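# Inside the fold
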Amino acid sequence: MVPVSYNLRSLAVRRTTTAATALGIALVVFVFASVLMFSRGLTRTLGRSARPDLAVVLRKGADAEGRSSFDETNIPIIVNAAGVARDAHGEANPLRAVVVGLRLPKVGTAGLSSLQVRGVGDLNQMSLRIVAGRAPAAGTDEALVGAAIRGRFRGTDLDQAIEFPKGRRVRVVGVFEDGGSAFESEVWTDLDVLRSSFGLEGQVSSVRVRLTSATAFEGYKNAIEQNRQLGVEVFREPDYFDRQSGGMNLLIRAMALIISFFFSVGAMIGATITMNASIAQRQREIGTLRALGFSRGAVLFSFLLESVTLALVGGLLGASAAISMRFVKFSMLNMVSGAEIVFAFEPTPEVLGTAFGAAAVMGLVGGFFPALRASLIRPLEAIRG
Amino acid sequence: MRAVTLAALAVRGILRNKMRTALTVLAAVFALVAFVLLRTIVDAYYVFADQASEDRLSTRHKVSAAVPLPMRYVDAVRGLPGVRAATFATLVGSKATNHPDTFIPALAVEPASFLEVFDEVVVTAEAKAAWLEDRQGALVAEALARKLGLSVGERVTLVGTRINGEWQLTVRGIYSTARQASSGSELLFHWAHLNETLSPRERDHVRWVFSRVRGATEAVGVGEAIDRMFEQKDVPTLTMSEKAVQLAALAGVSSILTSVDVASIVILAISMLVLGNTIAMGVRERVTEYATLRALGFASRHLAFLILGEALTFGFVAGALGVALSYPVVELGMGRWLEQNMGNLVPYFRVDPMTLVATLLIAILVGLLAAGIPAIQAIRSPVIQGLRRTG
């Protein structure tokens, strides 16, 4: 095998060219890793805290809680179906919620944006983690704000007040986290406070019902949806969250794939050009290597290694730059609910590994033909020049 | 004469290493097609805001779209000075019973006044008359009708997604829109028909009031007057011009647009690195030649002309090829796919001719910028050193 130091030195000698090629690959890896990180963040935000044994009941045809509303009087029928889990006292404890969009001035911009507000019957039923302040007292004009949107809208920081319709002002007394889920982009308050303020008395947007097990879902769904009088639809919580992302998730992934493809082809060709030139300049050296007894395979391997090393330098650079994306918060209008959701870029070891691997593949593919050409050089002709 | 010689030399220089030239152009073409794609995505979002009308106002509940407006607000708006015409609508949102997977943006409207306020809706006189007459009639956008395979006279049953209910309608006409701005994907039907089916508490309420003012300059004043009129009432309103609404919607996806912007700059940077590298290689290989030329009496600017000329040719060829390819690839390939599969997210996906012109210019500029450093290096290196070098 040709010593590795030969390749490393060759790269070092052609500093400018090496740097330009590596930088090109670094940019591709940066974009690719960012896209992967964003995709992870998206999945986490839109599906993380979903529980398969939780059934979400919405008005038939409504695609989001914010667009759903039905009469509260239907709830007894909804919780009395078979498959619903009950506590020691035989109670089903359904979680009622009203979800509305609230237009508020967005801090740092001139415009208004839509914030999702959720009124829940019993805050204690949701296992939220309060990271600042305290839990609101039941039945009062107090609210919790999700960590992701804290301070992003007017009045949404701790100890500030959010303006509701009919002149009501709801005080923010605490900040909560929920494992990075979409709930962190919401404001949570008392069910009745929200209903009276929005004129939705007697209505609910959704009811969450805990089932005895995830397998009980199908039976429960059929039982409830067969009752056409109810006019409701039942979803597993994970499926419901999936629907929330709508085509957005698919669109972003499709776009990301297309972008990554075009970018990486560009960078791969860059690597090919560099390796080609480098090999053309080293005809004599390669001839000498062959004359010394290194086999064609050894030469091929040696140049592939050089190309992969070149790409990995770029990969390392790009991946390290991508880690800094961790500090970027990405806020976007959810097309289904019309409210704003905040996403984070999540640099997991797998993501960085994948990006790094992609760099290696670019080096391998980009360097293959030049390396093949090098291995086919005839020693005698090359040395003669 | 001399300039011609130099230009010929520049082109010869490019052709000397055909393989490298081909690869460089290929890389740049890929990058430029990607660039056009990204710019077109951004344009697709802006096209609505660009073409949105400024003299049409929409009035909705001040803080929440969940709360409808009382019907009497419509007449109150009509009575304001400066308002030429007003109408109202409620978004029902629906799915047809025989197309359960396609979302149909069904809008319940007052037909006559709606067509007056939304005068970009184009429909034949007889279809219009038929629709106005039939309380259960629907007017369907061309694109939507095509998607659902609907034709005039056909019956369709809608199940509401935002409002509970089921409505049986007959298609009375297919409409197109005179401006590109409208997505043209709606189904319109009589609000009166909807109202009959609503519960007492929902009845006689509308989601939006639309008004047309006498001129764009009056829009702001009229909008403020409308909101002032309802400020003290139970249901306060928010009135914005259509353009302002579209811009606000854009703000919602501004982070996507920013990242697409960044990505399009990154792709240019990558192609600049590849181009610059190729040109630098060529220059490095020809140090002796350049020294000889200078020894023969060619001035530094001639060398710069040679190197920049080479870069310019690269940029132009890559730019022309990129532009030629991006139209079929972006508009006919990806554009059609996106419109068909994600029409609700990117309804209007067309390559703007200005984007193509800009791309060509940018390609040339990128080539020139990439050649900057190699050209300076070539000029600065002493003649004698270049002659001395063997290689």
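Read on for a plain summary of the structure. (Residues numbered from 1 in each chain as written. Chains lettered and ligands numbered in written order. Predicted model: local features only at pLDDT ≥ 70, side-chain atom pairs only at ≥ 80, totals over all residues. Heavy atoms only, no water.)

## Here's the deal with the overall build of chain A
Along its length, chain A carries 10 helices and 14 strands. C-alpha extents for chain A along the principal axes are approximately 95 × 45 × 35 Å. In chain A, which comprises 385 residues, the share counted as buried stands at 54%. Within chain A, contacts between residues separated by at least 24 positions form 77% of all contacts whose residues are at least 6 apart in sequence. Accessible surface for chain A amounts to roughly 16,100 Å². Of this, 58% is attributable to carbon and sulfur atoms. Of note, chain A has its 41 positive side-chain charges centred 12 Å away from the centre of its 32 negative side-chain charges. (Helix = DSSP H or I, 4+ residues; strand = E, 2+ residues; numbered from the N terminus. Buried < 20%, exposed > 50% of the residue type's maximum accessible area, 1.4 Å probe, protein only. Contact = heavy atoms within 4.5 Å. Areas by Shrake-Rupley, 256 points an atom, 1.4 Å probe, with all protein chains shown as cover. Lys, Arg positive; Asp, Glu negative; His and termini not counted. Charge placed at Lys NZ, Arg CZ, Asp CG, Glu CD.)

## Section: the interface of chain B and chain A
With 57 residues of chain B at the interface, the matching set in chain A holds 53 residues. Across the chain B to chain A interface the summed buried area is about 4,500 Å²; carbon plus sulfur atoms make up 71%. At the junction of chain B and chain A, the tally comes to zero salt bridges. Viewed at the interface, chain A and chain B are joined by three residue pairs in polar contact (both at pLDDT 80 or more). Mapped onto the side of chain B that touches chain A, the elements with two or more residues apiece are α2 (18-51), β1 (56-61), β14 (237-241), α9 (242-252), α10 (254-285) and α12 (300-341) of chain B. If you tally residues by element for the side of chain B that touches chain A, the top one is α10 of chain B, at 16 residues. Within the side of chain B that touches chain A, the residues separate by chemical class into 37 nonpolar, 11 polar and nine charged. (Buried area = accessible area lost by both parts, 1.4 Å probe. Salt bridge = Lys/Arg side-chain N within 4 Å of Asp/Glu carboxyl O. Polar contact = N/O pair within 3.5 Å; in protein donor to acceptor, adjacent residues only side chain to side chain. Nonpolar A, V, L, I, M, F, W, Y, C, P; charged D, E, K, R; others polar.)

## Structural notes on the packing of aromatic side chains
Centre-to-centre distance and the angle between the planes together describe a pair of aromatic rings. Across all of its chains, the model carries 17 aromatic pairs over all chains by this definition. A centroid spacing of 6.1 Å and a plane angle of 70 degrees characterise the contact between Phe261 of chain A and Phe30 of chain B, whose relative ring orientation is edge-to-face. With Phe261 of chain A in helix α6 (residues 237-281) and Phe30 of chain B in helix α2, this residue pair bridges two chains. Judged by relative accessible area, which is 22%, Phe30 of chain B ranks as partly exposed. Seen from their ring centres, Phe262 of chain A and Phe30 of chain B are 5.7 Å apart, and the 55 degrees between their planes marks the pair as tilted. Of this pair, Phe262 of chain A sits in helix α6 while Phe30 of chain B sits in helix α2, which puts the two residues in different chains. Three or more aromatic residues link up through ring pairs in this structure, and these residues are Phe176, Phe183, Trp188, Phe235, Tyr240 and Phe241 of chain A. Note that Lys221 of chain A overlies the ring of Phe235 of chain A, its terminal NZ or CZ placed 5.7 Å from the centroid. In this structure, Arg207 of chain B is placed above the aromatic ring of Trp208 of chain B, and the distance from its NZ or CZ to the ring centre is 4.9 Å. (Phe/Tyr/Trp six-rings, centres within 6.5 Å; stacked < 30°, edge-to-face > 60°. Lys NZ or Arg CZ within 6 Å of the ring centre and 35° of its normal.)

## So, the pairing of β1 of chain B
Residues and elements named next belong to chain B. The buried count for β1 comes to six of six residues, which makes it a mostly enclosed element. Strand direction decides the pairing type here: β1 and strand β13 (residues 208-213), joined by four bridges, are antiparallel. The residue bridging Thr59 from the neighbouring strand is Val209, located in β13. Summarising the sheet, β1 and β14 pair through five bridges and their orientation is antiparallel. Counted as the bridge partner of Arg60 is Leu238 from β14. (Pairing = 2+ DSSP bridges.)

## Looking at the packing of helix α1 (residues 4-13) of chain A against helix α8 (residues 296-323) of chain A
Residue and element names in this part refer to chain A. Two numbers describe how α1 lies on α8: the axes approach to 9 Å, and their chain directions differ by 50 degrees. When the interaxial angle is binned, α1 and α8 end up oblique. Our pair here, α1 against α8, has a crossing hand that is right-handed. Listed contacts from α8 to Val4, Tyr6, Asn7, Leu8, Ser10 and Leu11 of α1 are Ser302, Phe303, Leu305, Glu306, Thr309 and Leu310. Residue composition of the contact of α1 with α8, by class: seven nonpolar, four polar and one charged. (Axes fitted to C-alpha atoms, helices over the stretch in contact; angles between N-to-C directions. Parallel < 35°, antiparallel > 145°, perpendicular 65-115°, else oblique. Left-handed = near helix turned anticlockwise from the far one by under 90°.)

## So, the nonpolar core
The biggest cluster of nonpolar side chains holds 85 residues, and the ones touching the most others in it are Ile25, Phe38, Phe263 and Phe343 of chain A together with Tyr290 and Ile307 of chain B. Ignoring anything within four residues of it in the chain, the contact list for Phe263 of chain A reads Val28 and Val31 of chain A together with Ala34, Leu38, Ala263, Val266, Ile267 and Ile270 of chain B. Of all hydrophobic cores here, the second largest spans 59 residues; its members include Val92, Val171, Val206 and Ala219 of chain B. (Core = buried A, V, L, I, M, F, W, Y, C linked by side-chain atoms within 4.5 Å.)

## Section: the pattern of salt bridges
Residue and element names in this part refer to chain A. In this structure the tally under the stated criterion is 29 salt bridges over all chains. A salt bridge links Arg195 to Glu72, with the shortest nitrogen-to-oxygen separation between them at 3.2 Å. Of this pair, Arg195 sits in helix α4 (residues 191-198) while Glu72 sits in the loop between β2 (70-71) and α3 (75-79); the two residues are 123 residues apart in sequence, bridging distant segments of the chain. A residue is classified by how much of its surface remains accessible, and Glu72, at 21% relative accessible area, is partly exposed. Of the charged contacts in the structure, one is a salt bridge between Glu142 and Arg134, with a shortest N-O distance of 2.9 Å. In this structure Glu142 comes out as buried when scored by relative accessible area, which is 15%. Several salt bridges share partner residues, and in doing so they unite Glu65, Arg118, Glu186, Arg208 and Glu237 into one network.

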